[in-house]
Amino acid sequence: MKVYHLSAECYPVAKVGGLADVVGALPKYQNQMGLEAAVVMPFYERKFVQENEWEMVFDASSLLGMHRFYFEVLKEKTGKLGFELYLIKIPGLLDRENVYSYPDETEQFIAFQIAFLDWINWSHQTPDLIHCHDHHTGLVPFMLYYSRLYHRLSEIPTILTIHNGQYHGAFNWSKLSLLPEIDMTKTGLLDWNGAINPLASAVKCCWRYTTVSPTYLEELTYRSNGLEYLFYMERAKGTGIINGIDTDIWNPKTDAMIAANYSVRQLATGKQKNKEALCEKFGLDTDKPLISFIGRLVGEKGADLLPHAIRQVIKGYPDAVNFIILGAGEIRVQDELKALATAHPKQCSVFIGYDEPLAHQVYAGSDFLLMPSRVEPCGLNQLYALRYGTVPMVRVTGGLKDTVIDYGDDGGYGIRFIQASVPDIVHACGRAVEVYANQPLMQLLRKRMMALDFSWARSTKEYVNLYESLKPVI
Ligand code: ADP
Ligand code: GLC
């Protein structure tokens, strides 16, 4: 079965968050199970693109409204990622450095989707299934089924995976003319709340949709930024499949980015060496419990709560706990965190920016990983933490609820809290201090965590089963 994954991000080409990790891993594991999975993404002026060799496999021109644009499809020559990787390059639109936040983002992603469909239509590269990820690729199902231009392809099943249902990519109806010739009796399938809404349209038009955890599937029916009724009505089409992690990249035994490799056998010494290296880098005391946060500094992640909560913990537990924050995002939160680190240099270190190797070092060297997320469709950080023997402290939402059991419960290993609020974070930190003081318990939890299996093997199978359930109509 030939499957094309369409995505704005893919590790290691261009990563903003977990979407890249998933799209950079799932196809590899699908290929190991006998599928022919490939990734198609926009071209970015990025290190990976500049440092690798590409073969142009197709070029043509298409229309974006009245504007004719030229595009090229470039294929990575070696297949070293474990899947075929195609980039769509459109001079002037898709040849930039950043993934998101350009003022013409709507035009960029519509042109990407049109170029993809034109390519597979004209080159007869017909896949058996198209797997769209998030709203950036959400207009493909509609165009495929309701544009005369793609009639030849209209039997191809489409799957949508929702990594983040808070963003919809909605735009004004005045931009309808950017789409290719469509069946005007079907435009209701593009609409939500008076705008063209790519995520809503994908949910309506795709054959099946998935969310990246079972709990998130439920949550979308009561918290999805205005799409609640849609998710409620379409819920029979939805399945929740928890993400896996790429154990070739995230493995403390082989990870070249960390100070010392370790497995469950040398757990205590391995963790200690990594903690020492990390604490030395940040000028922190190795003897204290180290609680870290890694992630986008945005409201969804509860990052705005961190400055106040950490200040209270430092006050309530003087000299008893240390923090490292690695992230970038809202300027106000960045500034508050920097001010906090300046006021308490011995207890709190902040690194503003995006640093992949440092993230690995923080997972390996920390005792606890804090995730006070307001919304977390799956969350990969807690899965990486588990793999590296670092106790996740999570607010019970979405995938965090599905993957972390509180150490107070049978077989548990993490710290759960109910509210994304300062008091709940402070209370959770207090529990972390208690756990750390009980080293035999700490060792037990680490062993339990490292024995867990959140590899892609299981989740890949669930995706393949879903694809196969569509087989008779392919
Ligand atoms: P989201 O996709 O919502 O940001 P996830 O938990 O799914 O959340 O994935 C986040 C990914 O991004 C993880 O791989 C995490 O390690 C990485 N990450 C987030 N912020 C940073 C940062 N500042 N530096 C390095 N890696 C980061
Ligand atoms: C999104 C979600 C995150 C999830 C990731 C990968 O960015 O916010 O929770 O882990 O996608 O599916």
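About the thresholds
- Residues numbered from 1 in each chain as written.
- Chains lettered and ligands numbered in written order.
- Predicted model: local features only at pLDDT ≥ 70, side-chain atom pairs only at ≥ 80, totals over all residues.
- Heavy atoms only, no water.
- Pairing = 2+ DSSP bridges.
- Helix = DSSP H or I, 4+ residues; strand = E, 2+ residues; numbered from the N terminus.
- Axes fitted to C-alpha atoms, helices over the stretch in contact; angles between N-to-C directions.
- Contact = heavy atoms within 4.5 Å.
- Phe/Tyr/Trp six-rings, centres within 6.5 Å; stacked < 30°, edge-to-face > 60°.
- Buried < 20%, exposed > 50% of the residue type's maximum accessible area, 1.4 Å probe, protein only.
- Lys NZ or Arg CZ within 6 Å of the ring centre and 35° of its normal.
- Domains from an automatic or database assignment.
- Buried area = accessible area lost by both parts, 1.4 Å probe.
- Salt bridge = Lys/Arg side-chain N within 4 Å of Asp/Glu carboxyl O.
- Patch = residues over 30% accessible without salt bridge, like charges linked within 9 Å, V, L, I, M, F, W, Y side chains within 5 Å.
- Areas by Shrake-Rupley, 256 points an atom, 1.4 Å probe, with all protein chains shown as cover.

The next thing to look at is the sheet that holds strand β3 (residues 54-64). Taken in spatial order, the 9 strands of this open sheet run β3-β4-β5-β2-β1-β6-β7-β10-β11, and their pairing is mixed. Edge positions in the sheet fall to β3 and β11 (238-240), since each has one partner strand and no second. On average, each strand axis in the sheet is tilted by 25° relative to the strand beside it, whichever way the strands run. Note that strand β10 (residues 208-211) and β11 share 3 bridges and pair parallel. Its bridge partner lying in β11, Thr210 is registered against Thr239. Of the strands in this sheet, β1 (2-6), β2 (36-42), β3, β4 (67-76), β5 (84-89) and β6 (129-133) are in contact with helix α4 (residues 105-122), which crosses β3 at around 115°. Against the sheet, helix α17 (residues 456-469) engages β1, β6, β7 (158-162), β10 and β11, with an angle of about 170° to β10.

For any pair of aromatic rings, geometry is given as the distance between the ring centres together with the angle between the planes. All told, the structure shown has 15 aromatic pairs when counted by the stated rule. Seen from their ring centres, Tyr4 and Trp119 are 5.6 Å apart, and the 15° between their planes marks the pair as stacked. With Tyr4 in strand β1 and Trp119 in helix α4, this residue pair connects regions lying 115 residues apart in the sequence. The class of Tyr4 is buried, set by a relative accessible area of 1%. Note on Trp119: relative accessible area 2%, which makes it buried. Seen in terms of ring centroids, Tyr145 and Tyr146 are 6.4 Å apart; in terms of plane orientation they differ by 80°. Their pairing is edge-to-face. Taking the relative accessible area as the measure of exposure, Tyr146 reaches 23% and is therefore partly exposed. An aromatic cluster of three or more residues is present, and its members are Tyr4, Tyr86, Phe116 and Trp119. The positively charged end of Arg96 is found above the aromatic ring belonging to Tyr102, 4.7 Å away from the centroid.

A word on the domain arrangement of the protein. Entries for the protein in the domain assignment read domain 1 (2-244 + 457-473) and domain 2 (267-453). For domain 1 and domain 2, the distance between their C-alpha centroids amounts to 33 Å. At the junction of the two partners, domain 1 supplies 21 residues and domain 2 supplies 19 residues. Between domain 1 and domain 2, the buried area comes to about 1,500 Å², and carbon and sulfur atoms account for 52% of it. The largest contributions to the domain 1 side of the interface with domain 2 come from Lys15, Thr215 and Arg223, which together make up 25% of the buried area. Inspection of the domain 1/domain 2 interface yields 1 salt bridge.

A contiguous nonpolar surface patch, about 360 Å² in accessible area, is contributed by Tyr229, Tyr232 and Met233. Residue classification places Met233 among the partly exposed residues on the basis of a relative accessible area of 49%.

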